[in-house]
Amino acid sequence: MPIGLLRHAVRGGRRDLPPPSELKPSYDVVIVGGGGHGLATAYHLAKHWGVRNVCVLDRGYLGGGNTARNTAVIRSNYITPESVRFYKEGVELFTRFSNDLGYNIMYSQRGQLTLAHSDASLRTFRLRAEVNKHLGVRSEMVDRKQIREIVPCLHMDDDVRYPILGGLWHRDGGTARHDAVAWAYAARAAEMGVELHQRTEVTGIRRDKGKAVGVETTRGVIACGHVVQAVAGMSSQLAAMAGFRLPIRSFPLQAMVTQPLKPFLDPLVSSAALHAYVSQTARGELVIGGGSDPYELYSTRSTLELKESLIAHTLEMFPFLAEVKMLRQWAGLTDMTPDYSPVMGESPLQNYWLDAGWGTWGFKATPVSGKYMAETVATGRVPDILKPFRLDRFATYDLANEMGATAASH
Amino acid sequence: MKIMPCPLNGPRNISEFSCFGEVADMPEPTTADDAAWAEHVWYANNTAGVVREWWCHVPTSYWFIAERNTVTDEILRTYPASEVYNQRVEFAPKDGTA
Ligand SMILES: Cc1cc2nc3c(=O)[nH]c(=O)nc-3n(C[C@H](O)[C@H](O)[C@H](O)COP(=O)(O)OP(=O)(O)OC[C@H]3O[C@@H](n4cnc5c(N)ncnc54)[C@H](O)[C@@H]3O)c2cc1C
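Basis of the calculations
Residues numbered from 1 in each chain as written. Chains lettered and ligands numbered in written order. Predicted model: local features only at pLDDT ≥ 70, side-chain atom pairs only at ≥ 80, totals over all residues. Heavy atoms only, no water. Helix = DSSP H or I, 4+ residues; strand = E, 2+ residues; numbered from the N terminus. Buried < 20%, exposed > 50% of the residue type's maximum accessible area, 1.4 Å probe, protein only. Polar contact = N/O pair within 3.5 Å; in protein donor to acceptor, adjacent residues only side chain to side chain. Near = heavy atom within 4 Å. Areas by Shrake-Rupley, 256 points an atom, 1.4 Å probe, with all protein chains shown as cover. Expected span 1.5 Å × (residues − 1). Contact = heavy atoms within 4.5 Å. Pairing = 2+ DSSP bridges. Axes fitted to C-alpha atoms, helices over the stretch in contact; angles between N-to-C directions. Domains from an automatic or database assignment. Buried area = accessible area lost by both parts, 1.4 Å probe. Salt bridge = Lys/Arg side-chain N within 4 Å of Asp/Glu carboxyl O.

1. A closer look at the side chain of A:Q112
Residue and element names in this part refer to chain A.
At step 1: By secondary structure assignment, the location of Q112 is in strand β4 (residues 112-116).
At step 2: Residue Q112 is classed as buried on the basis of its relative accessible area of 2%.
At step 3: Within the structure, Q112 has its side chain in polar contact with the side chain of N77 (distance 3.3 Å).

Take a look at the structure:
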């Protein structure tokens, strides 16, 4: 065995994170949830707002939640102008990410093709393409001939249940290595003094006169100036500790990868009607995702039904994959909102900030939500770009409806 | 295959059923304000534990109530809605005006 490798094996662990320390009695900001969103918020607080007395707490390990489980689709072809503007900045931050943080996240902008199998989908795609173009996002309608050119191996015959009628071609779509995003933010935040505490579960929120003043954890109580909650599928549980309810329901979302194949699929291909989307990783594996589980559950078990459905629908698009073996299958716990948009900013409790409701689509927003959550906490003011996603929108029936653009295609 | 014991059709594959969320009392229609409706329509307890939910057996359009553990995915009990809802709900304004 080469001596370098042996040394690495003996030393063990990742060297870019400091060893675990004791919890301090108090911090300026406590961030609950060490997924991409919590870590990005910590990074931006330290980097751009000079707020460094910050700790990130996770009951498991860093980036082990949905950040580790998503299918890494990054895109901005949403339907409401509010969302398009927000996710567009998200894509821009991803294109610069590796350089900005000095950490290779393997960002790969290969374009995303979404398929229409009905006239209704074609009409929504046209609307999305026009809204997107108006706001500077590269989206266009494509016909069957163009689809053949973009993905030559796609099954385009009419002998299927839902023949392909047209598509939405989104050149800005892409993927990145999801774990690397969390690791990059963790490493750079730690360099600036942010503390990361894994296996530290928050069990209660201390309140005084309508204000958050601390958190109870499995390792003791911490006082703090601000709390940020970024706990994905556990959002309602944490909010309950803080004394309020959310318009959120938790559903498992499953995905799978196949054994590696020679590269044959450049863009990402997605079909809401078939509840399936496919992309090929740099390693050659096919990543296959689909819709959420049919009922609420706090569990990341996987089911045969979902595997059967994902596989059947993928074979409708790529029948030649029939003999390919499945390599891994897993689930994450997603926090779904009624309008398929996140809940960000103020909560009923002062100094207690929400970064929740990311459901099945929040990986692509990791950098942009971190940036603006940090601004929110540092200035105490919710920036305009986040206002459409305020919790209050439900009380005023002012929803940011992304159902058509988000469900099942991430 | 996961089995749902339907009070009308007996044990069936759960893929034949749709879940319609926790059983929650509707606000009093004659007095509820916008905020009360928003709370009822959008917000959820999202309980981790035993919940009481509306389910429907889609092929027979039969609605019933199931008690289910949302952590262990166990279905504890199912029964006809008439066990809970045995009173007529009046939608007409109480003072008799239209
Ligand atoms: C199968 C799947 C596919 C997906 N595909 C895509 C996609 O292609 N594109 C996309 O944009 N999005 C996708 N998503 C959604 C995306 O993964 C999430 O929205 C996003 O990763 C959420 O990041 P987060 O940091 O908020 O949450 P997470 O990464 O889940 O982090 C939350 C953390 O909070 C911790 N936590 C929970 N409770 C407590 C507590 N009480 N105390 C301390 N810590 C706690 C957890 O341990 C966890 O690590 C997908 C999700 C899944 C499950």
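2. A few points about the site of the ligand
All names here are of chain A.
At step 1: Taken together, 38 residues lie around the ligand, and D58, N66, T67, T71 and K364 are the ones closest in.
At step 2: Contact distances for the ligand include 3.5 Å between an oxygen atom and a backbone N or O atom of W358.
At step 3: At 3.2 Å from a nitrogen atom of the ligand is found a main-chain nitrogen or oxygen belonging to T360.
At step 4: Considered on its own, the ligand offers 1000 Å² of accessible surface; in the complex 97% of this is hidden by protein.
At step 5: For the shell around the ligand, the secondary structure elements donating two or more residues are α2 (36-49), α3 (66-69), β12 (249-258) and β16 (326-336).

3. Let's talk about helix α7 (residues 178-191) of chain A
Residues and elements named next belong to chain A.
At step 1: If you check α7, its first and last C-alpha atoms are 21 Å apart, about what 14 residues at 1.5 Å a residue would give, namely 20 Å.
At step 2: Among the residues of α7, those classed as buried are H178, D179, A180, V181, A182, A184, Y185, A186, A187, R188, A189 and A190.
At step 3: On the buried face of α7, the contacting elements are α2, α3, α4 (81-101), β8 (195-197) and α10 (366-379).
At step 4: Directly beyond the C-terminal end of α7, a positive phi value near 105° is found at G193.

4. Things to note about the pairing of strand β10 (residues 211-217) of chain A
Residues and elements named next belong to chain A.
At step 1: For strand β9 (residues 202-208) and β10, the ladder comprises six bridges, and the chain directions are antiparallel. Opposite G204, over in β10, you have E216 as the bridge partner.
At step 2: With antiparallel pairing between neighbouring strands as the criterion, β9 and β10 make up a hairpin whose turn holds two residues, including K209 at a positive phi of roughly 50°.
At step 3: Examined bridge by bridge, β10 and strand β11 (residues 220-229) share four bridges and lie antiparallel to one another. Its bridge partner lying in β11, G214 is registered against A223.
At step 4: The turn linking β10 back onto β11 is made up of two residues.

5. Description of the sheet that holds strand β6 (residues 74-80) of chain B
All names here are of chain B.
At step 1: Pairing is antiparallel across the open sheet formed by four strands, whose spatial order is β3-β4-β5-β6. Two strands in the sheet have a free side with no partner beyond their single neighbour: β3 (17-22) and β6. Ignoring which end each strand starts from, the neighbouring axes of this sheet average 35° apart.
At step 2: Looking at chain direction, strand β5 (residues 62-69) and β6 are connected through six bridges and run antiparallel. When the sheet's bridge partners are listed, A66 is paired in β6 with T78.

6. Regarding the pairing of β4(A)
Residue and element names in this part refer to chain A.
At step 1: Of all the five residues making up β4, five are buried; the element is thus mostly covered by neighbouring parts of the structure.
At step 2: Residues Q112, T114 and A116 of β4 are buried on one face, and the alternating residues L113 and L115, pointing to the opposite face, are buried as well.
At step 3: With five bridges joining them, β4 and strand β6 (residues 166-170) adopt antiparallel strand pairing. Bridged to A116 within β6 is G166.

7. Looking at the domain arrangement of chain A
Residue and element names in this part refer to chain A.
At step 1: Examined at the domain level, chain A breaks down into domain 1 (23-70 + 178-247 + 338-405) and domain 2 (111-171 + 250-336).
At step 2: Distance from the C-alpha centre of domain 1 to the C-alpha centre of domain 2: 30 Å.
At step 3: Taken together, the 19 residues of domain 1 in the interface contact 13 residues of domain 2.
At step 4: Of the roughly 1200 Å² buried where domain 1 meets domain 2, counting both sides, 52% is carbon and sulfur surface.
At step 5: Among the residues domain 1 hides against domain 2, the three largest losses belong to R69, G233 and T360. Together they make up 40% of the total.
At step 6: For the pair domain 1 and domain 2, the number of links is zero salt bridges.
At step 7: Inspection of the domain 1/domain 2 interface yields 10 residue pairs in polar contact (both at pLDDT 80 or more).
At step 8: Residue assignment for the side of domain 1 that touches domain 2 shows that the elements contributing at least two residues are α3, α8 (235-242) and α11 (403-406).
At step 9: Here the side of domain 1 that touches domain 2 gets three residues from one element, more than from any other, and that element is α8.

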